[in-house]
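Report on the structure
The residues making up each chain are set out below.
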Amino acid sequence: MDGNGRWAKQRGRPRTFGHAEGVEALRRTVEAAGDLGIEYLTVFGFSTENWRRPAEEINALFDLLRLYVSRDLDKLAREGVRVRIIGERVGLQSDILRIVEEAEAKTRHNTRFNLTIAFNYGGQDEIARAARRIAEEVAGGRLAPQDITVERFGSFLDTCELPMPDLLIRTSGEARLSNFMLWQAAYAEFVFSDVLWPDFDKDALSASIAEFHRRERRFGGHGAE
Ligand code: FPP
């Protein structure tokens, strides 16, 4: 959800104002994705590298997660949305952990739409955590090294319940992955949109999906000849 800072700067407002508008864009996008028949949406809300930002901005981002869940959880639960939060939980404040667990528990049986929020998430960190758990399984004699296949490795990732992403949208004109879903993005189609996240809406999502449909996906094989 990139571009909040620049969006705010263009308006002479603090970066946190852009993040707050980013939550409105998130609301719109969840709604729009459901309308467009998408079943899985994962958004990047806070990265393991975002700890390098000033404390004031970090606190504002955590407050926005609190605000979003407290305002929207009931509605999401009613509308059949299953909420998941991926990322490192160790080190998160206890009230944030409670919020995350409540959001997941309350929507556990929902199947209409899957909203995943990556929070304190880094792709490298996720892979390292998975490797550590796999090493523990091997050390405990519960897993044989030869059984560590791509599929088995994937089952140790935060995204073990999610399909591989088809489309990865990066907003605000940036053209890098920034540690998002490194493993999972293996065959995702990338769409780079110039729209700053607070301006993201159904039209921007539809345009990205239209671009996705123009791509020919080969998954390493050859196309129809
Ligand atoms: C990147 O834009 C955005 C973030 C680091 C935070 C995104 C978070 C939200 C939209 C709200 C968080 C809340 C929930 C509910 C997950 P940037 O700040 O890097 O903008 P810039 O590239 O223009 O500086």
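On a predicted model such as this, the values are computed, not experimentally measured, just so you know.

Attention now goes to the pattern of salt bridges. Counted according to the given criterion, the structure contains 27 salt bridges. For Arg-27, the salt bridge identified is with Glu-24, shortest N-O distance 2.8 Å. With Arg-27 and Glu-24 both in helix H2 (residues 15-35), this residue pair falls three residues apart, about one helical turn. Look at Glu-24 and you get partly exposed, because its relative accessible area is 28%. The closest approach of N and O atoms between Arg-129 and Glu-88, which form a salt bridge, is 3.9 Å. Separated by 41 residues along the polypeptide, Arg-129 in helix H5 (residues 123-139) and Glu-88 in the loop between strand S2 (81-86) and helix H4 (94-106) bring together distant segments of the chain. Take Arg-129 and Glu-88: they sit in the same class, and that class is buried.

On to H2. Under the 1.5 Å per step criterion, the end-to-end length of H2 is 30 Å for 21 residues, consistent within 8% with the ideal 30 Å. Taken together, the buried positions of H2 are occupied by Gly-18, His-19, Gly-22, Val-23, Ala-25, Leu-26, Thr-29, Val-30, Ala-32 and Ala-33. Residue Gly-37 follows H2 closely and has a positive phi angle near 85°.

So, on to the site of the ligand. What surrounds the ligand is a group of 17 residues, the closest being Asp-2, Gly-5, Arg-6, Arg-15 and Arg-53. Asn-4 is positioned with one of its backbone polar atoms (N or O) 3.3 Å from an oxygen atom of the ligand. Within the side chain of Arg-53, an N or O atom sits 2.8 Å from an oxygen atom of the ligand. When the ligand is considered free in solution it has 620 Å² of accessible area, and contact with the protein chains removes 92% of it. The set of elements that each furnish at least two residues to the shell around the ligand consists of helix H1 (4-10), H2 and helix H3 (55-78). When residues in the shell around the ligand are grouped by element, the largest group, five residues, is from H2. Considered class by class, the residues forming the shell around the ligand number six nonpolar, seven polar and four charged.

Once that is clear, we can look at the packing of aromatic side chains. All told, the structure shown has 13 aromatic pairs when counted by the stated rule. Ring geometry for Phe-153 versus Trp-183: centroids 4.7 Å apart, planes at 15°, classification stacked. Of the two residues, Phe-153 sits in helix H6 (residues 150-154) while Trp-183 sits in the loop between strand S4 (167-170) and strand S5 (189-192), which places them 30 residues apart along the sequence. Residue class for Trp-183 comes out partly exposed when judged on its relative accessible area of 25%. Relative to Phe-219, the ring of Tyr-187 lies with its centre 5.8 Å away and its plane at 50°, an arrangement referred to as tilted.

Locating His-19 in the fold gives a position in helix H2. Its relative accessible area of 7% is what places His-19 among the buried residues. Excluding anything up to four places from it in sequence, His-19 contacts Asn-4, Arg-53, Glu-57, Leu-61 and Leu-64.

Counting 35 residues, the largest nonpolar core has Val-30, Tyr-68, Leu-115 and Ile-117 as its most contacted members. Mapped onto this core, the elements with two or more residues apiece are H2, strand S1 (40-47), H3, S2, H4, strand S3 (113-121) and helix H7 (202-214). Leaving out residues up to four positions away in the same chain, Val-30 has contacts with Leu-41, Tyr-68, Leu-76, Phe-113 and Leu-115. Among the nonpolar cores identified, the runner-up in size contains nine residues, and Phe-44, Phe-180, Met-181 and Ala-185 belong to it.

Basis of the calculations
- Residues numbered from 1 in each chain as written.
- Predicted model: local features only at pLDDT ≥ 70, side-chain atom pairs only at ≥ 80, totals over all residues.
- Heavy atoms only, no water.
- Salt bridge = Lys/Arg side-chain N within 4 Å of Asp/Glu carboxyl O.
- Helix = DSSP H or I, 4+ residues; strand = E, 2+ residues; numbered from the N terminus.
- Buried < 20%, exposed > 50% of the residue type's maximum accessible area, 1.4 Å probe, protein only.
- Expected span 1.5 Å × (residues − 1).
- Near = heavy atom within 4 Å.
- Polar contact = N/O pair within 3.5 Å; in protein donor to acceptor, adjacent residues only side chain to side chain.
- Areas by Shrake-Rupley, 256 points an atom, 1.4 Å probe, with all protein chains shown as cover.
- Nonpolar A, V, L, I, M, F, W, Y, C, P; charged D, E, K, R; others polar.
- Phe/Tyr/Trp six-rings, centres within 6.5 Å; stacked < 30°, edge-to-face > 60°.
- Contact = heavy atoms within 4.5 Å.
- Core = buried A, V, L, I, M, F, W, Y, C linked by side-chain atoms within 4.5 Å.

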